[in-house]
Amino acid sequence: MEKVSAACAMDWSIKLEKALRSKNPGRAVEVILETGEKLQQWSKEPEPGTAVYSLFGLVPEEDRLFFNTILLRLVDAFCFGDKLVKVAVVRVFMSMFKLSRGKSKSDCGTWFLSKAKVHNHLEMLKRVKSVYDKGDTEAKALALILFGCCRDFASEFAPVRYLVFTSMVSSHDREVRSSLFAAACFCEVADDFALVVLGMLNDMVKFPGLMPKTRLAAVRVFAKMGSSHAIANRAFKICMTLMLESSKEDNLVPFLVSLTKLASRSTHLASELAEVIMAFLGEDKSPHVRAAILVYKLCLADPSELHQLIALVENASQSQIFSSSCLAISILVGSWKEIIWTAEIRSIEVSSTSLPLQLVVLVMDRLTLLARSCSDPCQVDFALVTEVQDLFNVLHLLVGKQSEVRLLLLDKVRLFLVDLTDGLRKPDGAHELLVGVINYKSKRGVVVRSEFLASVHKFLIVFLENLEGDKTVLSQVYEKVKRITECVRSCTFFDCHTQMIFTLLLHSPVLWGSNNDADGDSGVSRVDDMFNYGIVSFECSTQILEERNYWPAYRAGVYAARLGEWVTSALIFDKLKTNVQSDVNSFWLKSLTYLSHAEGKLQLLLMPSGSFKLVNWLKSNSCLPELSKDASGEFAHCVALHEAYMNLQSSLGMLGNIKASSEVFCFQTWFLVLKTRVMETVIDLVECLGLLNQDVCNKKQVTGCNSLKQLPRISIQLQKLAKEFDMLATCFIDIDDRSSSVIASLSLSCSVMAFAAGIVLFIPGFSAHETLTPFTSQSGLCSRLVQDLVQRLWKVDPETCEMLSMLVKENESLSCSHVQPRNQVLKVCNKVKMLLSVCRDVLACIHGLQNWSNSMQEENISSEITKSCRILLSQVIMKWMQIPFGIPKYFFNIRPCVGAELFALSSDSSKSTTETISVEQGFQLSLDLCLQLKNIQQPRGPVRLTKLYCLLYTKLAYHTPTQHCETKRNQKSYSPWRDEDLVEMSGKLFHHAVTKSGKKPEGSGRFDWSNGVSAVVQFEPNERGQGFSSCLLDVSRFPVGSYQLKWLSGCIDQHGSYWNLLPLSGKLVFTVKKAS
């Protein structure tokens, strides 16, 4: 358990005292700055409560005593130290002051330098004042800065106020600027002080002999005059008058900054400022000033002025300054996004403007110019790479739902690549070609062009992931992406890896399925493209491997697996596994090979008739003999499913051979376990009804309703797997959005198949009570199946959700159908559309069977239901097998998973130690808890948590004979996929966090949950993800013995998304002892 700052305060104070007494002045400065960093961290932590004092053995209020001691020692160092020490102390106070500036005035009690926190503030002020009185100009300036940092109590001390006023009229510029800083700080909390300062500022700014830096500091003070409306209004009038009277253009922007901040507090002031600055746009101002005016105009814009703003941005886009600067282009695009955002809120129509097209042309023209500069070796510079990356990031903001913008953008991207490659082609003979090769082969040119291509590829990936549209739009996009791919392939200077990753763009999930949707000659052409470009991928992969470029080959295999191009990834991983040295890498690549074989076999089997081209290529090149062997035959699909299941098990087994902490491969193992379980359940369904066997009806292997009665059991298993996929997606807080989308589609597939397998439950007269678990009704199971689908589809396809809701009886309500974690929302792509079509097929079959059951005789109903269910489920499984779900990008992030550790101590310390938790029989268990996140610092960046929860659960069945000392927490042994209670605990914790987030959480729980006792505890996390709290568990009826205490934590991040945190410290154990 990491110590909080309050528990370290005494050690910090002692260390600071020793350093200040040291004869080495450098040591004093070093420790002062270290103390400042520690105080910054302390100021970000919540106020310690009873649990903190108990867990760390602190005396209440001990931390405040040492905090004030540290402040006094810092002030003493300021009084008696040399210049370096004084500057170090000021830096410490400034760092703490800056942290308080973002807080509102109502939170002044939590400021680290507030009057409520600093008990000896008067003594501090007197000591700093003595330095001002006796020191030189530099010492006075530093003392004034300290006064400003302590504004909460220094502004009330009359002698300090007088010193600030006196210094504002000093003849020393440095002292004046420091006094202006202190005055600005005081003005934020004291209205009477601000009134006096306003009068002095009016005269000061007009004074002609004032230094430019000092005048700038004085103008900035106006922005701090917002403590009351009257003061802000008066400051605005004075500042506006001074700006209009100023003759220097350099002063205009600082005035605008202060005026904008003042105007943001009042709509009246905002409209007045907007009218004034509009006149500046028509005048002959410098480009810098015009850009600043445009930005401030957008900040102050009224919704009624949106069309006027659009005209301003359009005019600005034609200006030379905006067309030749990446920053200026970013300002224009940002302005357009602000206009769109405001228009959506105010329901104002702005779609008629051509501004998005103009901005796309503006950005791409700039990119084209940069591409052409690469043809000249003298102009190639790494600064171009940064500008190209920034411009492509800007383009992401411009791509909306307008198809003409997206199509134009793809055309421009292709032209960008043409200009980039034209610089490498020299048509005037071999000599010029040789010169081009030499230029291209130069180290700088290679790196810059490769970075350009990487930027284009990343842009196209994100572009395709966010693409939405009908078949026509997707068809047009496909053709344009195809032309981009051909452009890259036509340039022989690009390596095979580049050609391959651009070729794989045609297999993007959003474009997948367009081959099946296309009609006529277009459809034939798309099928041919599938095989032709597939062979291109094979050839590129082979060449990369022959050149021994193993790392690019691995990256290409990963990218292919993510897109669902399993045969390509199998080809790469199969070759790579024999070229690694370490056991870890060998097992990892073997696991990936088995996984690719499992999916690749199904992919080849279900491809259109032209797949023999791929198989023949594999055979002719002696690649992947297991996949290229003939798989035709009556039972081909059943055999393929069994082989896929065996390969998945082998993949899981190879992963288990890696000697590493289970935290490192937790996601990978869990994902493969779920994939294996899904395949096992599908095989169970196939064998139960004899599906995927065309001759089974004639052999009459499946008859009557006996086989149908197994469907509810399989349906329950599939629905449970859908929930487990949901659980997987929410247990890794650093997962990327693309991976979440892949898992969400896998979860949806399980939910749709569960609904399909449960088709018999919706047929009148069919009884499944014999196969249902106890206390489960048939109508209740129907409601759960429908509700699970509605929860996933209500934003994607409301019409289908309405049809699903009609299947549920009136007395079976769909509770909380709208509640869903934000990080599990589906993204519409062709895979999701295909699953939606499966769902509609099941609905149509249900309605048909319901009508037949009402019109047909009872003896004919059974055979008709069996026949219809077999046909439907065979079609469902075949469609499911055709969908290339791909693999999440997060699967290839090998790092310890983010989780939580729970530390508990009985509140009665006399009956508990750090090793044991005990309670006397007949009493409630009172616990002080510390929940601490582990492995939170990931490359993706720190995650800021807004709320942190923990569910504690125990019951009599958790009785364990093992003593606590023998129950060591083994982090490596934790396997969440084996915990049967995890999904249910997650559901309870999620609904508590969502439905009760605005209320005080329950401190103890008595509700009957499988005859157990539970409690949900809320924590206030600090920046390190550590929180403290207390709770009560009513175990008064538990007999003497030791019991496991299961727990699961969850959190809500800054985006409002809910996440589970895997318990990495194992289960707790408490002991119920006989009452003494």
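Residues numbered from 1 in each chain as written. Predicted model: local features only at pLDDT ≥ 70, side-chain atom pairs only at ≥ 80, totals over all residues. Heavy atoms only, no water.

**Considering the overall build of the chain**
So, point 1. When helices and strands are tallied, the chain shows 43 helices and 10 strands.
So, point 2. Relative to its 1076 residues, the chain shows a buried fraction of 54%.
So, point 3. Summarising the internal contacts of the chain: among those between residues at least 6 apart in sequence, 77% fall at separations of at least 24.
So, point 4. Carbon and sulfur atoms provide 52% of the accessible area of the chain, an area that totals close to 47,400 Å². (Helix = DSSP H or I, 4+ residues; strand = E, 2+ residues; numbered from the N terminus. Buried < 20%, exposed > 50% of the residue type's maximum accessible area, 1.4 Å probe, protein only. Contact = heavy atoms within 4.5 Å. Areas by Shrake-Rupley, 256 points an atom, 1.4 Å probe, with all protein chains shown as cover.)

**Details of the state of the cysteines**
So, point 1. Within this structure, the stated rule accounts for zero disulfides.
So, point 2. Counting only cysteine sulfurs, Cys487 is the nearest neighbor of Cys491, a cysteine outside any disulfide, at a range of 7.9 Å.
So, point 3. In this structure Cys491 comes out as buried when scored by relative accessible area, which is 1%. (Disulfide = S-S within 2.5 Å.)

**Topic: the nonpolar core**
So, point 1. Counting residues in each nonpolar core, the largest one holds 233 residues, and the members touching the most others are Val477, Phe502, Trp670, Phe732, Phe755, Phe891 and Leu952.
So, point 2. With 15 residues, helix α35 (residues 666-689) is the single largest residue contributor to this core. (Core = buried A, V, L, I, M, F, W, Y, C linked by side-chain atoms within 4.5 Å.)

**Considering the packing of helix α34 (residues 636-656) against α35**
So, point 1. Axis separation between α34 and α35 bottoms out at 9 Å; the angle between their running directions is 155°. Taken together, the axes of α34 and α35 lie roughly antiparallel to each other. Viewed along their axes, α34 and α35 form a crossing whose handedness is left-handed. Residues Cys638, Leu641, His642, Ala644, Tyr645, Leu648, Gln649, Ser651, Leu652 and Leu655 of α34 touch α35, and the partners they reach there are Gln668, Thr669, Leu672, Val673, Lys675, Thr676, Met679, Glu680, Val682, Ile683, Val686 and Glu687.
So, point 2. Residue classes in the contact of α34 with α35 are distributed as 13 nonpolar, six polar and three charged. (Axes fitted to C-alpha atoms, helices over the stretch in contact; angles between N-to-C directions. Parallel < 35°, antiparallel > 145°, perpendicular 65-115°, else oblique. Left-handed = near helix turned anticlockwise from the far one by under 90°. Nonpolar A, V, L, I, M, F, W, Y, C, P; charged D, E, K, R; others polar.)

**Topic: the confidence of the model for the chain**
So, point 1. Mean pLDDT for the chain: 81, with 80% of residues reaching 70 or above.
So, point 2. Throughout residues 694-704 the model reports pLDDT below 50, and contacts reaching past four residues in sequence, or to other chains, amount to 14 contacts.
So, point 3. Residue range residues 964-972 is modelled with pLDDT below 50. Its contacts to residues more than four positions away, or to other chains, number 16 contacts. (pLDDT = per-residue confidence, 0-100.)

**As for the pattern of salt bridges**
So, point 1. Using the criterion set out here, one finds 35 salt bridges in the structure.
So, point 2. Residue Arg73 is joined to Glu17 by a salt bridge in which the shortest nitrogen-to-oxygen separation is 2.9 Å. Highlighted residues: Arg73 in helix α4 (residues 62-80) and Glu17 in helix α1 (residues 5-21), separated in sequence by 56 residues.
So, point 3. Looking at Arg73, the relative accessible area reads 22%, which means it is partly exposed.
So, point 4. For Glu17, a relative accessible area of 18% corresponds to the buried category.
So, point 5. The shortest N-O distance in the salt bridge between Arg127 and Asp76 comes to 2.5 Å. Taken together, the positions of Arg127 in helix α6 (residues 121-134) and Asp76 in helix α4 put the pair 51 residues apart, joining distant regions of the chain.
So, point 6. The class for Arg127 is partly exposed, based on a relative accessible area of 24%.
So, point 7. Salt bridges linked by common partners bring Glu47, Glu61, Arg64 and Lys117 together as one network. (Salt bridge = Lys/Arg side-chain N within 4 Å of Asp/Glu carboxyl O.)

**Considering unusual backbone geometry**
So, point 1. Of note in the backbone geometry, Glu61 takes a positive phi value of approximately 70° without being a glycine.
So, point 2. For Glu61, the position within the fold is in the loop between α3 (50-56) and α4.
So, point 3. A residue is classified by how much of its surface remains accessible, and Glu61, at 45% relative accessible area, is partly exposed.
So, point 4. Despite not being glycine, Arg548 has its phi angle at roughly 60°, a positive value.
So, point 5. Turning to its location among the elements, Arg548 is positioned in the loop between α28 (520-546) and α29 (550-563).
So, point 6. Relative accessible area serves as the criterion here: at 59%, Arg548 is assigned to the exposed category.

**A short note on the pairing of strand β4 (residues 945-955)**
So, point 1. In terms of residue burial, β4 counts as a mostly covered element, since nine of its 11 residues are buried.
So, point 2. Where β4 lies against strand β8 (residues 1041-1053), eight bridges are found, and the strand directions are antiparallel. Bridge assignment links Leu948 to a residue of β8, and that residue is Cys1051.
So, point 3. In the sheet, β4 pairs with strand β6 (residues 1012-1019) via eight bridges, with the strands oriented antiparallel. (Pairing = 2+ DSSP bridges.)

**Looking at the packing of aromatic side chains**
So, point 1. A full pass over the atoms with the stated rule returns 29 aromatic pairs.
So, point 2. With a centroid separation of 6.0 Å and 75° between ring planes, the pair formed by Trp12 and Trp42 is classed as edge-to-face. Remark: Trp42 occurs in helix α2 (residues 25-43) and Trp12 occurs in helix α1; sequence separation between them is 30 residues.
So, point 3. Assessed through its relative accessible area of 6%, Trp42 is described here as buried.
So, point 4. Judged by centre distance (5.8 Å) and plane angle (80°), the rings of Phe392 and Phe416 are edge-to-face. Taken as a pair, Phe392 in helix α21 (residues 382-398) and Phe416 in helix α22 (residues 403-422) lie far apart in primary sequence, 24 residues in all. The residues Phe392 and Phe416 share a single accessibility class, namely buried.
So, point 5. Among the aromatic residues, those joined into a cluster by ring pairs are Trp588, Phe665, Phe667, Trp670, Phe671, Phe732, Tyr890, Phe891 and Phe892.
So, point 6. For the cation-ring pair, Lys86 lies above Phe78, with the distance from its terminal atom to the ring centre recorded as 5.9 Å.
So, point 7. One residue, Lys140, lies across the ring of Tyr132, its end atom 4.3 Å from the ring centre. (Phe/Tyr/Trp six-rings, centres within 6.5 Å; stacked < 30°, edge-to-face > 60°. Lys NZ or Arg CZ within 6 Å of the ring centre and 35° of its normal.)

**Side note on the environment of Leu460**
So, point 1. Within the secondary structure, Leu460 is located in helix α24 (residues 443-465).
So, point 2. Separated by 45 residues in the primary sequence, Leu460 and Leu505 place their C-alpha atoms 8.0 Å from one another.
So, point 3. Excluding anything up to four places from it in sequence, Leu460 contacts Leu410, Val413, Ile484, Phe502 and Leu505.

**A few points about the environment of Val580**
So, point 1. Structurally, Val580 is set in the loop between α30 (566-576) and α31 (583-605).
So, point 2. Separated by 30 residues in sequence, Val580 and Tyr550 place their C-alpha atoms 9.4 Å apart.
So, point 3. Not counting residues up to four positions away in its chain, the partners in contact with Val580 are Asn585, Ser586 and Leu589.

**Some thoughts on the pairing of strand β1 (residues 899-906)**
So, point 1. The element β1 is extensively covered by neighbouring structure, given that seven of its eight residues are classed as buried.
So, point 2. As judged from the eight bridges shared by β1 and strand β3 (residues 925-934), these two strands associate in the antiparallel manner. Residue pairing across strands places Gly899 opposite Lys934, the latter belonging to β3.

**Considering helix α39 (residues 778-793)**
So, point 1. A rise of 1.5 Å per residue sets the reference length of α39, with its 16 residues, at 22 Å; its end C-alpha atoms lie 23 Å apart and thus fit the reference within 8%.
So, point 2. Counting buried positions over the 16 residues of α39 gives 14, a clear majority of the element. (Expected span 1.5 Å × (residues − 1).)

**Observations regarding the side chain of Ser167**
So, point 1. Residue position: Ser167 is located in helix α9 (residues 158-168).
So, point 2. What Ser167 contacts, discounting residues up to four positions off in sequence, is Tyr132, Leu144, Glu175, Val176 and Ser179.

**Brief notes about the environment of Gly1041**
So, point 1. Within the secondary structure layout, Gly1041 lies in strand β8.
So, point 2. Assessed through its relative accessible area of 15%, Gly1041 is described here as buried.
So, point 3. In contact with Gly1041, other than residues within four places in its own chain, are His959, Phe1070, Thr1071 and Val1072.

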